[in-house]
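What the coordinates show
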Amino acid sequence: MIFLKIILIFLICPDILFGKEGSGIVLVYHRFDEQKYPSTSTSSRNFDKQLQYLKKNNYNVLPVSKLIDFFYNGYDLPSKSVFITIDDAFKSFYEKAFPLLKSYNFPFTIFLSTSFVDKNKTSDFMDWDMLSELKENNGEVYNHSDKHKSFINYTSADLIKDIKKAEQKIEKKLGKSHKIISYPYG
């Protein structure tokens, strides 16, 4: 609920987000229409309203890979830049939010913990076929670690091993990656 209030504040007062020319914001989502998880779930109705707002107000919805150009190559971001990211690759994203993003033709990024990719119909997580379909439809898929454990609890060697293992799985199943990571638990 707090997350929704924060999003509403930003949508009502967009000047808060864009303090200077060429800045942007990353919107982070997890689950969709999963009442069982109120702190990480967004209703698809609310998500659709947020996408409508972005479209109507001419926000520049960009893929996260454009941040590489911004940070490393010195390119400016267009005004009112927004990046839509989804952590964990829950199946509810694929079923509820992905069709909405496709209808708006907005790019998005999934941050994937590779150990959870599952073909089982009862799994909460997407499978590699679903992830491949996302890539074919304006989606980027990047590393969120293999095990989705807090990095604070890892040794340096275990951390490197976990990140590399996830990266190898992503590259094997989905092709070349930009080696972008969103680490679990912020």
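What you see is a predicted model; the values in this text were computed from it and never measured.

1. Concerning the overall build of the protein chain
Helix and strand content of the protein chain: 6 helices and 7 strands. Each helix and strand of the protein chain, placed in order from N terminus to C terminus, yields the pattern α-β-β-β-α-β-α-β-α-β-α-β-α. A burial count over the protein chain gives 46% of its 186 residues as buried. Taking as baseline every contact in the protein chain between residues at least 6 positions apart, the subset at least 24 positions apart corresponds to 64%.

2. Some points on the confidence of the model for the protein chain
Across the protein chain, the average pLDDT comes to 88, with 88% of residues at 70 or higher. When the elements of the protein chain are averaged for pLDDT, helix α1 (residues 2–12) gives the smallest value, 48, and helix α4 (residues 91–104) the largest, 98. A low-confidence stretch, residues 1–9 stays under pLDDT 50, and its non-local contacts, those more than four residues away or across chains, total 10 contacts.

3. Description of the pairing of strand β1 (residues 24–29)
Along β1, the buried face is formed by Ile25, Leu27 and Tyr29; none of Gly24, Val26 and Val28, which line the opposite face, is buried. Note: β1 against strand β5 (residues 81–87), 6 bridges, orientation parallel. Considered in β5, the bridge of valine 28 is made with threonine 85.

4. Section: the packing of aromatic side chains
In total, this model carries 15 aromatic pairs according to the counting rule given. Ring centres of phenylalanine 90 and phenylalanine 125 lie 4.9 Å apart, and the angle between their planes is 25°; this geometry places the pair in the stacked category. Here phenylalanine 90 is found in the loop between β5 and α4, whereas its partner phenylalanine 125 is found in the loop between β6 (108–112) and α5 (128–135), with 35 residues between them in sequence. Accessibility classification places phenylalanine 90 together with phenylalanine 125 in one group, the buried group. Of note, arginine 31 hangs over the ring of tyrosine 37, and the distance from its end group to the ring centre comes to 3.6 Å.

5. Describing the side chain of histidine 148
Note that histidine 148 resides in the loop between β7 (139–143) and α6 (156–174). Engagement of the side chain of histidine 148 in a polar contact is seen with the side chain of aspartate 88, the distance being 2.9 Å. A distance of 3.3 Å separates polar atoms of two side chains, one belonging to histidine 148 and the other to histidine 144. When near neighbours in sequence (up to four residues on either side) are disregarded, histidine 148 contacts Asp88, Ser113, Phe116, Pro184 and Tyr185.

6. Side note on the environment of isoleucine 25
In this fold, isoleucine 25 is placed in strand β1. You can call isoleucine 25 buried: its relative accessible area is 15%. For the pair formed by isoleucine 25 and serine 81, sequence separation is 56 residues and the distance between their alpha carbons is 6.6 Å.

7. Here's the deal with the nonpolar core
Ranked by internal contacts, the top residues of the largest apolar core, which has 33 residues, are Ile84, Phe93, Ile110 and Leu131. Of all elements in the fold, only β1, α2 (44–56), β5, α4, β6, α5 and α6 reach the threshold of two or more residues within this core. When residues no more than four places from it in sequence are discounted, the contact partners of leucine 131 are Ala89, Ile110, Leu112, Val117, Met126, Val141 and Leu174. Ranked by size, the runner-up nonpolar core spans 8 residues in total, among them Leu62, Leu67, Phe111 and Tyr142.

8. Describing the pattern of salt bridges
Considering all chains together, one arrives at 7 salt bridges under this definition. Linking aspartate 127 and lysine 119 is a salt bridge whose minimum nitrogen-to-oxygen distance equals 3.9 Å. Note on aspartate 127: relative accessible area 10%, which makes it buried. A salt bridge links lysine 119 to aspartate 129; the nearest nitrogen and oxygen atoms lie 2.6 Å apart.

9. Quick notes on the packing of α2 against α4
Relative to each other, α2 and α4 sit at 20°, their axes nearing to 10 Å. Classified by the interaxial angle, the pair formed by α2 and α4 is roughly parallel. Once α2 is placed against α4, the crossing between them reads as right-handed. Here Ser44, Phe47, Asp48, Leu51, Gln52 and Lys55 of α2 come into contact with α4, specifically with Lys96, Ala97, Leu100, Leu101 and Tyr104. Partitioned by chemical class, the residues of the contact of α2 with α4 number 6 nonpolar, 2 polar and 3 charged.

The rules behind the values
Residues numbered from 1 in each chain as written. Predicted model: local features only at pLDDT ≥ 70, side-chain atom pairs only at ≥ 80, totals over all residues. Heavy atoms only, no water. Helix = DSSP H or I, 4+ residues; strand = E, 2+ residues; numbered from the N terminus. Buried < 20%, exposed > 50% of the residue type's maximum accessible area, 1.4 Å probe, protein only. Contact = heavy atoms within 4.5 Å. pLDDT = per-residue confidence, 0-100. Pairing = 2+ DSSP bridges. Phe/Tyr/Trp six-rings, centres within 6.5 Å; stacked < 30°, edge-to-face > 60°. Lys NZ or Arg CZ within 6 Å of the ring centre and 35° of its normal. Polar contact = N/O pair within 3.5 Å; in protein donor to acceptor, adjacent residues only side chain to side chain. Core = buried A, V, L, I, M, F, W, Y, C linked by side-chain atoms within 4.5 Å. Salt bridge = Lys/Arg side-chain N within 4 Å of Asp/Glu carboxyl O. Axes fitted to C-alpha atoms, helices over the stretch in contact; angles between N-to-C directions. Parallel < 35°, antiparallel > 145°, perpendicular 65-115°, else oblique. Left-handed = near helix turned anticlockwise from the far one by under 90°. Nonpolar A, V, L, I, M, F, W, Y, C, P; charged D, E, K, R; others polar.

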